[in-house]
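Take a look at the letters that make up each chain.
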Amino acid sequence: MSDTVAAEPVADLLAKFSEATPRESLDHPAVNVPMKDAVAVLQWLRDEQSYDFLVDVTGIDWSETTSPRFTAVWHLFSTTKHTYIRIAADCTDDANPSAPTATGLFPAADWHERETFDLMGITFEGHPDLRRILMWDGYPHHPLRKEFPLAGIETELPDIEVADETQAKVISAPMMGGPFVASNKGEMNLTDAEPRAKDESWNEAKPKPE
Amino acid sequence: MATEFTVPDAGAKTAAASQEFETEKMSLAMGPSHPSTHGVLRLQLELDGETVTNCDPVLGYLHRGDEKIAENMTYNQFVPYTDRLDYLAPLANNAAYAAAVEQLADIKIPERVQAIRVITSEMARVSSHLMGLGAYGIDVGAWSVFLYTFTEREKLYTLFEELTGARFTTSYSRIGGVSRDVPEGWNERVLEFCDQFLPILDEILKLLTRNKIFMDRTVDVGIISAEDAIGYGLSGPNLRGSGVKSDLRKDRPYWGYEQYEFDVPVGSKGDCYDRYLCRGEEMKQSVRIIRQAIAKFPAGDYYAKDAVRIFAPKKDKVMTSMEELINNFMIVTEGPQMPAGEVYFEAENPKGTLGFFIVSKGGGVPWRLKIRGPSFCNLSILPKVCQDELVSDVVSILGSLDFVMGECDR
Amino acid sequence: MVSPNTDVAFDNKIEGDIVISRLDAVINWVRTNSMWPMPMGLACCAIELMGTASARFDIARFGAEVMRFSPRQADCMIVAGTVTYKMAPHVRRIYDQMSEPKWVIAMGACASSGGMYRSYATLQGVDRIVPVDVYVSGCPPRPEALLDALIKLQDKVKKTPSLRNLTA
């Protein structure tokens, strides 16, 4: 599955967009572009290089302490050449990340961008209808950000009437001190050869120590 | 004493309405608990009489946080979660995920594993399309198709159970191989299934293909043009039904698909009927692939030899050899160690192309794992297709798109 | 008054048509053998639920084949699949719309306890919002397990003092 055919458009792309740089990748050709050029690059790839199929739009959170923190990633596929290309652009603002919308080029970008906004909190400028898509409207967090715990944060149920009736809430999932990966650093202890929770000081019966 | 009584001037009102066509729009929530939404999709419809003037799909009722969960567990631990993405074809999902991680780890899997994955993926395709067909039958008013297809699915489940130990949450593919070898005589039983399946499939299709009611509900309903299909990122039978000959098994062959002869059916018009025909034909092609794969079923291992840091060693070796025990311990606790980097792999699943985008910083846990669910993309065209269709046709369109909310909402 | 005349002690016109029983038992007999389910098919378990309804396992043997998507016509809600927080209010609303008496089967690990989805989006057990009568283990449970749950529920219904509940 080598991509010798696809190496060509990357060279052309780098020549055409002077600020673009090659991006490290283990498989498909990938290019870093500045955020302001992202849509122009996508359009050029679609119109000139027959990358006509927008496969995926997503974001990566490189952790709270990293800057630039968020990267938006587009994957394009060519239905004629049968190759992929990955375009990545760093968001300039770490607190309020934003990216230009590609809905004008690919209708498929609509939902992908809504999802990225919902889960990662990247605002797509110019998107016609940027609402939450997977979580409910009014949910206060962006779950795929690294500071958001897997167990979740306590909030209200989306429906107030039902919440009143059942006294139920959106609670943190009982993780038994998880996550479930027990990365074993240091002494190897073969008596505890089962995967264990990282923090066993609390569980459903005992509350989590503050 | 005659009381003055004024009759509302209905005639004048109708005349005025017929001039301006001013009717009140009605808002209708279809779902999230509705038999034809195949799960928990909700369509917020705006109706003018019986015509849909606006359709706003509301998703997320099955958003379980798979991507966040993946960031919190090792590569091996995530395999069972892939079962539950497209829960009509777990075998294909497992294999697609495993192939993505193998691409990251740069592992070449043995030919036997490739053949097993091809056979199981094609069986999963048959099982998924059978379900799609049965459910579509119910949607448009044909109950008996469902009973036929489920009987066939049960036969497939029996075969899956023999191979993997579970009826449909199989978790069969492991990174670098499969969890166990094919049992003795299993391939022959698969062939037996294929032999008896084709006549029954013909019978099932006969119930629908030239059925007047079925054709009335599907022909020229929900037409998707080839440009729209590509633009909205449709894949699988939905894309091919619109006449785009795109199939990753042909275009970017993986697991040795290039050595099997099969045709890619495409539609001509892109209506619901074409998508149905494509699914029917794809099942026959899958059977063709299964037969070829079993005919030249290679000998060898069911796991890659160079995957020692990923694939847990055999249990008897763990019990007898110290190195294997330590290796097993490391794999279980810290996860299989992966190089840093980014990979994207897509497999041609029954519903479309299921993609995994993995960002690794090294270590046993992915930094970011993005799942591209084909159903998510296939559904994104709904607002456009449902525009100006009748409400009853929306049901037909939904059934023809054959989506699964598990991988749509993830 | 007991008649000395043995001829009228047995009247075949009456005898074949009358069964003497407790009203409780009659009501429960009716309820157990026509338990119409409301298939709350949410995720993977819904496929096994359909498998249970289809030819091989045939839930009709237990009088529960009449799947009603309208909660008003259903007796027993089978929650099959993962309940997310976004879906939970809808599940509760549908439960509220079912007419009494009503029962709930939590099918599978997700509906019973959240199962393998310990995450921010998943309700950790449907019993947080609706009362559950029978829990079925498995991910997903086999059709036999669901049928077993149905039989268990029927046993439970048979022991209910229905008449007291009616008048209370």
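The coordinates are above.
Quantities reported herein were computed from a predicted structural model and do not represent experimental measurements.

Draft legend 1. Broad picture of the overall build of chain C. Secondary structure assignment for chain C yields seven helices and four strands. Listed by position from the N terminus, the elements making up chain C come as α-α-β-α-β-α-β-α-β-α-α. A total of 168 residues make up chain C; the buried ones form 50% of that total. If you take every contact in chain C between residues at least 6 apart in sequence, the share linking residues at least 24 apart comes to 78%.

Draft legend 2. Region of the structure containing the sheet that holds strand 1 (residues 21–22) of chain A. All names here are of chain A. Strands sit in the order 1-2-5-4-3 across an open sheet of five strands; the sheet is mixed. A single partner strand is all that each edge strand has here, and the edge strands are strand 1 and strand 3 (53–61). One ladder, built from seven bridges, connects strand 4 (residues 70–77) with strand 5 (residues 84–90); its direction is antiparallel. Looking across to strand 5, one finds that Trp74 is bridged to Ile87. Here helix 3 (residues 109–120) sits on the sheet and contacts strand 3 and strand 4; the angle it forms with strand 3, its principal contact strand, is near 10 degrees.

Draft legend 3. Quick peek at the sheet that holds strand 1 (residues 26–30) of chain B. Residues and elements named next belong to chain B. Read across the sheet, three strands follow the order 1-2-3 without closing on themselves; strand pairing throughout is antiparallel. Of all the strands in the sheet, just strand 1 and strand 3 (51–58) have a single pairing partner and so form its edges. The sheet shows a mean angle of 20 degrees between the axes of neighbouring strands, taken without regard to direction. Inspection of the sheet shows strand 2 (residues 42–48) paired to strand 3 by seven bridges, in the antiparallel sense. Paired with Asp48 across the two strands is Thr51, which belongs to strand 3.

Draft legend 4. Quick peek at the interface of chain C and chain A. Taken together, the contact pairs 13 residues of chain C with 26 residues of chain A. Of all residues in chain C, Tyr85(C), Arg118(C) and Tyr120(C) bury the most surface against chain A, accounting for 43% of the area lost on that side. There are three salt bridges connecting chain C and chain A. Taken together, the links from chain C to chain A amount to four residue pairs in polar contact (both at pLDDT 80 or more).

Draft legend 5. Representation of the packing of helix 2 (residues 23–33) of chain C against helix 6 (residues 143–158) of chain C. Residues and elements named next belong to chain C. Closest axis-to-axis distance for the helix 2/helix 6 pair is 9 Å, and the angle between their directions is 165 degrees. The angle between helix 2 and helix 6 falls in the class roughly antiparallel. In this structure, helix 2 meets helix 6 at a crossing whose hand is right-handed. Here Asn28, Arg31 and Thr32 of helix 2 come into contact with helix 6, specifically with Gln154, Val157 and Lys158. Its residues assigned to classes, the contact of helix 2 with helix 6 shows one nonpolar, three polar and two charged.

Draft legend 6. The packing of aromatic side chains, seen in detail. All names here are of chain B. Using the criterion set out here, one finds 27 aromatic pairs over all chains in the structure. Seen from their ring centres, Tyr254 and Tyr257 are 5.3 Å apart, and the 80 degrees between their planes marks the pair as edge-to-face. Tyr254 gets classed as buried once you look at its relative accessible area, which sits at 4%. Put simply, the rings of Tyr254, Trp255, Tyr257, Tyr260, Phe262 and Phe345 pair up and form one aromatic cluster. The ring of Tyr257 has Arg249 sitting right over it, with the charged end atom 5.9 Å from the ring centre.

Draft legend 7. Layout of the interface of chain A and chain B. The interface is formed by 60 residues belonging to chain A together with 56 residues belonging to chain B. Of the roughly 4,900 Å² buried between chain A and chain B on both sides combined, carbon and sulfur atoms contribute 63%. There are seven salt bridges connecting chain A and chain B. Between Arg410(B) and Glu115(A) there is a salt bridge, with its nearest N and O atoms 3.0 Å apart. Here chain A and chain B share 21 residue pairs in polar contact (both at pLDDT 80 or more) between them. Those elements that place two or more of their residues in the side of chain A that touches chain B are strand 3, strand 4, strand 5 and helix 3 of chain A.

Draft legend 8. Expanded view of the side chain of Arg249(B). All names here are of chain B. In this structure, Arg249 sits in helix 11 (residues 248–251). Judged by relative accessible area, which is 5%, Arg249 ranks as buried. Side-chain polar atoms of Arg249 contact the side chain of Glu122, separated by 3.2 Å. Within the structure, Arg249 has its side chain in polar contact with the side chain of Asp247 (distance 2.8 Å). Apart from the residues within four sequence positions on either side, Arg249 is in contact with Glu122, Arg125, Tyr254, Tyr257, Phe262, Ile289 and Glu348.

Draft legend 9. Summary view of helix 4 (residues 90–105) of chain B. Residue and element names in this part refer to chain B. Relative to the 22 Å expected for 16 residues at 1.5 Å per residue, helix 4 spans 22 Å between its end C-alpha atoms, a close match to the ideal helical length. Within helix 4, 16 of the 16 residues are buried, leaving the element largely enclosed by the surrounding structure. Count one or two residues on from helix 4 and you reach Asp106, which has phi positive near 55 degrees.

What counts and how
- Every chain's residues receive numbers from 1 upward, in the order its sequence appears when written.
- To label them, take the chains in the order written and letter them from A, then take the ligands in the order written and number them from 1.
- Local features in this predicted model are restricted to residues whose pLDDT is 70 or higher, and side-chain atom pairs enter the listing and the counts only when it is 80 or higher, whereas totals over whole chains, interfaces and linings include all residues.
- Each side-chain value is worked out from all heavy atoms of the structure, with water and hydrogens disregarded.
- Only DSSP runs of H or I reaching four residues or more are called helices, and only runs of E reaching two or more are called strands; each is numbered from the N terminus.
- Only protein chains enter the accessibility calculation, which uses a 1.4 Å probe; a residue whose area is less than 20% of its type maximum is buried, one above 50% is exposed, and one in between is partly exposed.
- Here, residues are in contact when the closest pair of their heavy atoms is within 4.5 Å.
- Any two strands with at least two DSSP-identified bridges between them are counted as paired.
- Each axis is a line fitted through C-alpha atoms, taken for helices only over the stretch in contact, and angles between the N-to-C directions span 0 to 180 degrees.
- Note: buried area is the sum, over both parts, of the accessible area (probe 1.4 Å) each one loses when the two are combined.
- Just to be clear on terms, a salt bridge is a Lys or Arg side-chain nitrogen sitting within 4 Å of an Asp or Glu carboxyl oxygen.
- By the criterion applied in these results, polar contacts are pairs of N or O atoms within 3.5 Å in which, for protein atoms, one can donate a hydrogen and the other can accept it, and in which residues neighboring in sequence qualify only through two side-chain atoms.
- For classification, angles of less than 35 degrees are called roughly parallel, those exceeding 145 degrees roughly antiparallel, those between 65 and 115 degrees roughly perpendicular, and all remaining angles oblique.
- Handedness of each helix crossing follows the sense of rotation of the near helix against the far helix: counterclockwise by less than a right angle gives left-handed, clockwise gives right-handed.
- As a working rule, the residues Ala, Val, Leu, Ile, Met, Phe, Trp, Tyr, Cys and Pro are called nonpolar, Asp, Glu, Lys and Arg charged, and the rest polar, with Gly in that last group.
- Any Phe, Tyr or Trp ring, taking Trp's six-membered ring, that has another such ring centre within 6.5 Å forms a pair; planes under 30 degrees apart are called stacked, those over 60 apart edge-to-face, and the others tilted.
- Two thresholds decide whether a charge sits over a ring: the Lys NZ or Arg CZ must be within 6 Å of the ring centre and within 35 degrees of the ring normal.
- For a helix, the expected span equals 1.5 Å multiplied by the number of residues minus one.

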